[in-house]
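Letter by letter, the chains look like this.
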Amino acid sequence: MTTPPSTAVRPSRPWRGVSPAMAPSLSDARRQLHHASQLAAAAGISWLPAQADDSHTNLEWVQSLGGLFCGVVPVTQPFRVGIRVEHFALVVADEQAARADELPLRGQRVTDAALWLRERAVERGADASRFTLDRHYEIPHHPVGDGAPFDAAPGAAFAELAAWFENGDATLRRIVDASPSASDVRLWPHHFDIATLISMGAGRSIGVGLEIGDDSYAEPYFYVNMYPPPSAAEAAGIALDGHGLWHTDGWLGAVLPASRLSAVAGDQPSQVSAFVDSAVSAARRLMAA
């Protein structure tokens, strides 16, 4: 049998140290960021050609702006819409991400921010009549979705979330570099996870990603899952490195929650590398069985 290529993760960008102790306190900022990011997804829904796999709605981490951005809208003055995470601000940037208009979101309602976004988009040549906040998926509830203003202030929580996204993006891009059949690294606005999908052929795949927090874990966590999933008993027989564990409640996958991450920033990238490497190798074994 041919040995699969190593998936060891050695990010080309410096790792930004994160605080496992802060992870449980990120939930409100994460939920507000999730709702804010729907403004960027709305730009894709409104002005990008609809795709059967919903890829027109997804977002990309843009390192130069430190944020999550939709694809480039192809109008007279092409632009991208995103959220600068650490600044907690809505941004309309040009195609090269060199020139941007920015709206701090604290104190703004979703509808107010949407009006500002539509005006900036029209200035660049977008059709105002096509703009919509309607979406065909649900996201976790937060009062801002009922019309309350965003009340989270830029600060430690958003800086921490930005560090997680930056680290996750760098980690996943290295996975893509090592796996020719892997998809581009993208954030999906419904689940709010940044991920890549490695095609194994015959409808089988391995998902590798970073979930910033959800009902399974109220903290960020790296994960590796499989489709179709193996049995929990099969997975339990394979050890994971980096203090990872097998999640079996509702779905099956290898996970490394923030609470299991070393508090020493210098140790974190090697621990994540060890986990992802062992989890992807385990997934390949399970799918080859």
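My aim in this report is to walk through the structure given alongside it, one point at a time. (Residues numbered from 1 in each chain as written. Predicted model: local features only at pLDDT ≥ 70, side-chain atom pairs only at ≥ 80, totals over all residues. Heavy atoms only, no water.)

1. Structural notes on the nonpolar core
What tends to happen in soluble globular proteins is that the nonpolar side chains get buried as a cluster. With 77 residues, the main nonpolar core has Leu 33, Val 81, Leu 90, Phe 165 and Trp 246 as its most contacted residues. Ranked by residues supplied to this core, first place goes to helix 5 (residues 268-288) with 9 residues. If near-sequence neighbours (up to four positions away) are discounted, Val 81 is found in contact with Leu 39, Ala 40, Ala 43, Leu 68, Phe 69, Cys 70, Leu 90, Val 91, Val 92 and Leu 117. Val 62, Val 91, Ala 93 and Ala 97 belong to the second largest nonpolar core, which has 6 residues in total. (Core = buried A, V, L, I, M, F, W, Y, C linked by side-chain atoms within 4.5 Å. Buried < 20%, exposed > 50% of the residue type's maximum accessible area, 1.4 Å probe, protein only. Helix = DSSP H or I, 4+ residues; strand = E, 2+ residues; numbered from the N terminus. Contact = heavy atoms within 4.5 Å.)

2. Describing the sheet that holds strand 9 (residues 221-227)
As summarised here, the arrangement of the 6 strands in space is 6-7-8-9-11-10, forming an open sheet in which the pairing is antiparallel. Two strands lie at the open edges of the sheet, namely strand 6 (186-188) and strand 10 (245-247), each paired on one side alone. Averaged over all adjacent pairs, the angle separating strand axes in this sheet is 35°, with direction ignored. Of the strand pairs in this sheet, strand 7 (residues 193-201) and strand 8 (residues 204-211) are connected by 8 bridges, and their pairing is antiparallel. Its bridge partner being in strand 8, Ser 199 is matched across the sheet by Ser 205. Of the strands in this sheet, strand 6, strand 7, strand 8 and strand 9 are in contact with helix 3 (residues 156-178), which crosses strand 7 at around 15°. Of the strands in this sheet, strand 7, strand 8, strand 9, strand 10 and strand 11 (253-257) touch helix 5, which is tilted by about 10° from strand 9. (Pairing = 2+ DSSP bridges. Axes fitted to C-alpha atoms, helices over the stretch in contact; angles between N-to-C directions.)

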